[in-house]
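Notes for the structure review
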Amino acid sequence: GVGNAFAFVCAMRVCNYWFPEKRALATSLAVSFALLGGMLTGAPLTHFIEGSEWIQAMMYNSVAGLALLVLLLFFLKNHEDEQTEKTPISFSNMKTVLINFQNSLCGFFTGCLNTSVYVLAALWGNLYLVQRFGLSTVEATSITSMIFLGTIIGSPLFGMLSDLMKSRKKPMIIGAILSIITLAVIIELPSLNYYTILSLFILLGITTSSQVISYPTIAESNPMNLISTATACAAILINLVAAIVQVLFGWILTWQWSGDYHNGVPQYAHANWNWGMLTILIVFILGLLSSFMVRETHCQSLPQDPKLT
């Protein structure tokens, strides 16, 4: 978890310093590349483990990590501006970031729309698809991984849209509305075939990928020398929302559960799953409301207090 936090903040810093004119696109591409890992842990990893052993899979994963480390050591460079803008850690800098309500709004928005990944793709999605629609485990993992594929596709699309529109707020609102509609269709339709569900999960990934617009918005709403601190503070809120919703989803799912098991696996009724999915829908709506309160930057750095820059 700590290593992931460092990687995330550093990646956002690289995007902000090296691509100031294309922050949204650069950030969205970084997120897309990162989500390739999430996609590979779905059906591809399931198939690989079924044909070998999970320890062997972890060994290959470690080798890939070492290869990336070598690439970073030889090819990743600091921007020249970073050498002249080093900022000491201080309480006043932390206070500046924390009292900026824009950071909290953006972090909350991203956390809300990210619940599709944290709750469905990473935790409950497979069991939901198996029990709600009668799919096999392999089919279910293939579908949940489509959320990652959709996000990989949608992130650069929303990034380019934001840069073309010269707006951060509008793509966030559009993405949140489309996410609510897509999830409502998944919840409300009584029966769906494999390919329809597959398409809807790809669409859910595409629409929720509008959450990547929060990162350039944060960068444009803070002094340049505090962008990494602001991004890190927003990331705390993003993961806090995810942790709360994961637990809340599980609690609501078992709220009126009959206690039935089959081969050691809890069996939930359709009504149980619908209550759980409504939780995500409500969180999406809260994300939409927060996007209306975000201050528009028009892809330009907002004026800052001279004492802070």
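What you see is a predicted model; the values in this text were computed from it and never measured.

This paragraph deals with helix H10 (residues 169–188). Given a rise of 1.5 Å per residue, 20 residues ought to cover 28 Å, and the 29 Å separating the end C-alpha atoms of H10 matches this to within 8%. Considered for burial, the residues of H10 that qualify are Pro171, Met172, Ile173, Gly175, Ala176, Ser179, Ile180, Thr182, Leu183, Ile186 and Ile187. The inward-facing, buried residues of H10 contact helix H7 (101–113), helix H8 (115–133), helix H9 (137–165), helix H11 (194–208), helix H12 (214–220) and helix H14 (270–293).

Per the counting criterion, the structure on display carries two salt bridges. Residues Asp163 and Arg168 are paired through a salt bridge, measuring 3.1 Å at the closest nitrogen-oxygen approach. Across the pair, exposure class does not vary: Asp163 and Arg168 are buried alike. Measuring nitrogen to oxygen at the nearest pair gives 2.6 Å for the salt bridge that ties Arg168 to Glu220. On the criterion of sequence distance, the pair formed by Arg168 in the loop between H9 and H10 and Glu220 in helix H12 is long-range, its members being 52 residues apart. Neither Arg168 nor Glu220 differs from the other in exposure class; each is buried.

A separate point is the packing of H8 against H9. Contact geometry of H8 with H9 gives a least axis separation of 8 Å together with a crossing angle of 155°. Comparing their axes, H9 and H8 come out roughly antiparallel. Here the hand of the crossing between H8 and H9 comes out right-handed. Contacts from Ser116, Val117, Leu120, Ala121, Gly125, Asn126, Leu129 and Val130 in H8 reach Thr137, Ala140, Thr141, Ile143, Thr144, Ile147 and Phe148 in H9. Along the lines of polarity and charge, the residues of the contact of H8 with H9 split into nine nonpolar, six polar and no charged.

Attention now moves to the packing of helix H1 (residues 2–18) against helix H13 (residues 227–253). In contact at an axis separation of 10 Å, H1 and H13 are set at 135° when each is read in the N-to-C sense. In terms of their interaxial angle, H1 and H13 are classed as oblique. For the pair H1 and H13, the crossing hand works out as right-handed. Counting all contacts with H1, which are made through Phe8, Val9, Met12, Arg13 and Asn16, the residues of H13 involved are Ile227, Ser228, Thr231, Ala232 and Ala235. Broken down by class, the residue content of the contact of H1 with H13 amounts to six nonpolar, three polar and one charged.

Quick notes on the rules
- Residues numbered from 1 in each chain as written.
- Predicted model: local features only at pLDDT ≥ 70, side-chain atom pairs only at ≥ 80, totals over all residues.
- Heavy atoms only, no water.
- Helix = DSSP H or I, 4+ residues; strand = E, 2+ residues; numbered from the N terminus.
- Expected span 1.5 Å × (residues − 1).
- Buried < 20%, exposed > 50% of the residue type's maximum accessible area, 1.4 Å probe, protein only.
- Contact = heavy atoms within 4.5 Å.
- Salt bridge = Lys/Arg side-chain N within 4 Å of Asp/Glu carboxyl O.
- Axes fitted to C-alpha atoms, helices over the stretch in contact; angles between N-to-C directions.
- Parallel < 35°, antiparallel > 145°, perpendicular 65-115°, else oblique.
- Left-handed = near helix turned anticlockwise from the far one by under 90°.
- Nonpolar A, V, L, I, M, F, W, Y, C, P; charged D, E, K, R; others polar.

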